[in-house]
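# Residue-level structure breakdown
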Amino acid sequence: MKEMTPLKKRKIHAGVRAGIQLMFFILMPSAFTTAFAGVKYIFVQLGNREPIEFNAFIKVLSVLLVYTAVFGRFFCGYACAFGSLGDAVRALYMSICKKMKKKPVAINETMNKLFIYVKYLVLLMIVFVSYKGMATSTKGMSPWDVFSMLRAGNIEMGAYIIGTVLLVLILIGMAICERFFCRFLCPMGAVFTLIPSIPYLSLRRTRTNCINGCSACKRVCPCNIELSDVSSIEISGECIQCGKCRGICPKQNVKRTLVPQNFELCFTIIRAAILVAILIWAGL
Amino acid sequence: MNRYFIKIINLLLILGAIYIYNNTLENRVKAEEIARLSAELESANNQLDEYEKFFDVEKTDGNIVESDYVDGKYEGSAKGYGGDITVEVTIKNGSMTDLRIVSAPNEDGAYLKMASSIVKDILKEQSSSVDTVSGATYSSTGIRDATKNALENAKKNKE
Ligand code: SF4
Ligand code: SF4
Ligand code: SF4
């Protein structure tokens, strides 16, 4: 078989990713809210001094966390309906910028570094509200609820003002900055970030092989990650496994230790298939 | 220390904490259950003694309340999270004996499963005015309202 150009390879990967995202969006659009409902449930029960049962929410949550511990945040990069929605809005924005020959807005580095901690605050706030049993009084404030309802075709219930405004703001953010919500605000993302994942299945680079002064992988990364060196087993919890860094590297220097380079596409499809299987098993 | 290990240790600590928490609560619940059961046994024994004393006392059927409902099966529906939820209520001897979710095409799997736990509350209370399930508010509200609707249909003097 003829060797493909790197550009063509990148295009194929992007296409496969978009396809997988679309499939999950149609088949399992509620996975992320269900998993997060599990997190909230734990704290509601703690607040009520009641036992934490292994119910439908907890099942989905545990399945996703175990999966993340193995493959990293593949769920975020390929399967989360909200992340996919953000990617779609972003793609739209980029194509508009291109047509109007305008430069897309870029946000500043130091802000990036600080803002990634905001999601823990969001998580703490929601957890606190659940613990105190005030969850019902915040009904209609969650942008996720509004999104899910609109998606389920329940337009009537989309009339929650705070939630709707937040949703619109988030979508604007997602357009201007790739994965804005995931990086800075998502409470479920905060939980995922805290999960240790097997470094040998994630992407790392051989630092000594790098071209001097190159930072292509970091610039293309939606989460602005400095890839770890192969000597370190510490990989960034922010990585959503999108694989863009791997495609862009001019020296094919970004690799998974346990997965051969030309097996990447298969690996992606296998990961997606496993994810579908375990989510169906968990009752979605 | 490496962050990878710190994360693993944190995770184990959290899991351990949840396990201990659950165990403690379970023991407490069990202790309460035992106390309740022994109290019940006590009073049942007492009652038995009474019955034995008045051997020929006729047994009554407990408290028969005049019911508002006509026996039969009734359907009702209401808006859930993504659309209509339809339930079927079975009335037997004037009380609700069964509540079944007939259709809920637009609800999400896990949410509906969680929300379904409201069914046993409704049957226990024999009423549709029970608390909704937290975390699955919309779906459980749908089931509750659908039940209310079905009970309307089961009323004796509906014109
Ligand atoms: S960070 Fe949150 S919103 Fe983003 S993809 Fe992950 S779960 Fe979805
Ligand atoms: S570009 Fe690489 S490091 Fe960045 S999120 Fe994607 S896979 Fe992870
Ligand atoms: S793109 Fe490749 S060569 Fe450049 S910094 Fe990243 S890993 Fe190194």
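Above this text you will find the structure in question.
## Examining the site of ligand 3
- All residues adjacent to ligand 3 are R205, C210, I211, C214, A216, C217, C249, P250 and V254 of chain A.
- Here the shell around ligand 3 is composed, by residue class, of eight nonpolar, no polar and one charged.

## Regarding helix α1 (residues 6-27) of chain A
All names here are of chain A.
- For α1, which comprises 22 residues, the first-to-last C-alpha distance of 31 Å matches the rise-based estimate of 32 Å (1.5 Å per residue) to within 8%.
- Within the span of α1, buried status applies to R17, I20, Q21 and F24. All buried residues of α1 project into a common sector of 100° when viewed along the axis, lining one side. Turned more than 90 degrees away from the buried face of α1, the exposed residues are K11, L22, I26 and L27.
- For α1, the secondary structure elements touched by its buried residues are α4 (74-79), α5 (81-99), α13 (244-248) and α14 (264-281).

## Quick word on a nonpolar patch on the surface
Residues and elements named next belong to chain A.
- Taken together, V105, I107, M141, I161, I162, V165, L166, V168, L169, I172 and I176 make up a surface patch of nonpolar side chains, about 940 Å² in accessible area.
- For I162, the position within the fold is in helix α9 (residues 161-176).
- Classification of I162 as partly exposed rests on a relative accessible area of 45%.

## Re the interface of chain B and chain A
- Across the contact, 27 residues belong to chain B and 41 residues belong to chain A.
- Taking both sides of the interface into account, the surface hidden between chain B and chain A amounts to around 2,800 Å²; carbon and sulfur atoms contribute 63%.
- Taken together, the links from chain B to chain A amount to one salt bridge.
- In this structure, the salt-bridge partner of E234 of chain A is R3 of chain B, at a minimum N-O distance of 3.5 Å.
- The interface formed by chain B and chain A holds seven residue pairs in polar contact (both at pLDDT 80 or more) in total.
- When contributions to the side of chain B that touches chain A are tallied by element, the ones reaching two or more residues are α1 (3-53) and α2 (109-115) of chain B.
- A per-element tally of the side of chain B that touches chain A places α1 of chain B first, with 11 residues.
- Classifying every residue of the side of chain B that touches chain A by side-chain character gives 13 nonpolar, eight polar and six charged.

## A short note on unusual backbone geometry
Residues and elements named next belong to chain A.
- A positive phi angle, near 55°, is found at R179, a position not held by glycine.
- Following the sequence through the fold, R179 ends up in the loop between α9 and α10 (180-184).
- Phi is positive for Q252, which is not a glycine, with a value near 45°.
- Looking at the secondary structure, you find Q252 in the loop between α13 and β2 (254-256).

## Some points on the site of ligand 1
Residues and elements named next belong to chain A.
- Neighbouring ligand 1 are R73, C76, C80, F82, G83, R179, F181, C182, C186 and G189.
- Mapped by element, the contributors of at least two residues to the shell around ligand 1 are α5 and α10.
- Within the shell around ligand 1, the residues separate by chemical class into six nonpolar, two polar and two charged.

Reading guide: rules and limits
Residues numbered from 1 in each chain as written. Chains lettered and ligands numbered in written order. Predicted model: local features only at pLDDT ≥ 70, side-chain atom pairs only at ≥ 80, totals over all residues. Heavy atoms only, no water. Near = heavy atom within 4 Å. Nonpolar A, V, L, I, M, F, W, Y, C, P; charged D, E, K, R; others polar. Helix = DSSP H or I, 4+ residues; strand = E, 2+ residues; numbered from the N terminus. Expected span 1.5 Å × (residues − 1). Buried < 20%, exposed > 50% of the residue type's maximum accessible area, 1.4 Å probe, protein only. Arc of directions from axis to C-beta. Contact = heavy atoms within 4.5 Å. Patch = residues over 30% accessible without salt bridge, like charges linked within 9 Å, V, L, I, M, F, W, Y side chains within 5 Å. Areas by Shrake-Rupley, 256 points an atom, 1.4 Å probe, with all protein chains shown as cover. Salt bridge = Lys/Arg side-chain N within 4 Å of Asp/Glu carboxyl O. Buried area = accessible area lost by both parts, 1.4 Å probe. Polar contact = N/O pair within 3.5 Å; in protein donor to acceptor, adjacent residues only side chain to side chain.

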